[in-house]
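# Fold and contact review
Each chain is listed here by its residues.
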Amino acid sequence: AMRAARQSGPSGLAGMSALREWGGVRLLRPLLGLTKHALQATLAARGQDWIEDPSNRDPAFERARLRQREVDQDPRDAVPTLHRAGLERQRLESDAAARLCADLTIHDSGWASLDPALLDGGPAAALALAWLLQTVGGTEYPVAPDRRVEGLARVRTLGASGFTLGGCYLLLRAGRLQVCRDWGAIGDTIPVLPGIRLFWDRRFEIEMPRELDLGPGVTIARLGERGIRSLGRAPEKSEAGSGDSMPIAARKALPALWQGDRLVAVPHLGFGPAVWAGFRPINPVTSSGFTVAY
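Report follows, based on the coordinates.

Here is what the cut-offs are and how they apply
- Residues numbered from 1 in each chain as written.
- Predicted model: local features only at pLDDT ≥ 70, side-chain atom pairs only at ≥ 80, totals over all residues.
- Heavy atoms only, no water.
- Helix = DSSP H or I, 4+ residues; strand = E, 2+ residues; numbered from the N terminus.
- Buried < 20%, exposed > 50% of the residue type's maximum accessible area, 1.4 Å probe, protein only.
- Contact = heavy atoms within 4.5 Å.
- Axes fitted to C-alpha atoms, helices over the stretch in contact; angles between N-to-C directions.
- Parallel < 35°, antiparallel > 145°, perpendicular 65-115°, else oblique.
- Salt bridge = Lys/Arg side-chain N within 4 Å of Asp/Glu carboxyl O.

Next up on the list: the overall build of the chain. Of regular secondary structure, the chain possesses nine helices and 14 strands. Its C-alpha atoms put the chain at 70 × 45 × 35 Å along the principal axes. Put simply, the chain has 294 residues, and 37% of those count as buried. Summarising the internal contacts of the chain: among those between residues at least 6 apart in sequence, 59% fall at separations of at least 24.

This is how it looks when you write it as structure tokens:
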């Protein structure tokens, strides 16, 4: 009811997936197809107690207020509608994943490139774009449906200059759509110590060698314009295993080690001491897909 009121479409109405990839863990929900009453009856028959979440009855939450208003309705009446929404979401996600798998390169330096023709029209193209922005931008949730449609329209008419959307910067070069992190939106500055392992900007996993002591006040922050000036505008580096060269926008969004105003290291550009940094976004561009509980 909450999602229907917000016109979220099948992606919202489908509810929870019975299978989800989350933070390197495969999360399984095998009991989604059972009603609450069936679960309670099974536990009661076995003499097994359970815990009720008190927030489910707290009127401070919208879901609790809705339950109180709709107490006379049998929740099983909604199951056919939710099941159809789940199947529709499953088909939509499969189509979106197929588009991305057809021609998409995800670079370890945190940007992506693809044939823009794969994003021609339709809900699946809009969802594929949203997934891509979520991965490269390091955001927890995808951009809203109306902004996805707007983004697709701008991609179709993209000229020499790019645009920002969903924490990303999109540009067209040599006939390919390049999606980079919007470096101007990066605010993370994290102090580092020898041997520390951390996540930066919700996209990169970084590990400092135990034997590497760079002194006090070392932080990880974006390379940015200041770092580009420190390095000099060297020729753009080709990514391993592809013919794509790293856009300057992607360079500016790279993690860099700083000591005050002094640039210490840029792992992806081979500058400075050896520090391991890998692209590990909180949301992969595709996953196991929506799984309907029957």
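A few words on the packing of helix H6 (residues 122-137) against helix H7 (residues 145-156). Two elements in contact, H6 and H7, have axes whose closest approach is 9 Å; the angle formed by their N-to-C orientations is 95°. As the angle between them shows, H6 and H7 are arranged roughly perpendicular. On H7, the residues touching Gly122, Ala125, Ala126, Leu127, Leu129 and Ala130 of H6 are Arg148, Gly151 and Leu152.

Tallied over the entire structure, the rule returns twelve salt bridges. For Arg197, the salt bridge identified is with Glu205, shortest N-O distance 2.5 Å. Arg197 gets classed as partly exposed once you look at its relative accessible area, which sits at 46%. Classification of Glu205 by relative accessible area gives buried; the value is 11%. Among the salt bridges present, the one from Asp261 reaches Arg226, with a minimum N-O distance of 2.9 Å. Of this pair, Asp261 sits in the loop between strand E12 (255-259) and strand E13 (262-265) while Arg226 sits in helix H8 (residues 224-231), and the two are 35 residues apart along the sequence. The exposure class assigned to Asp261 is exposed, which follows from its relative accessible area of 66%.

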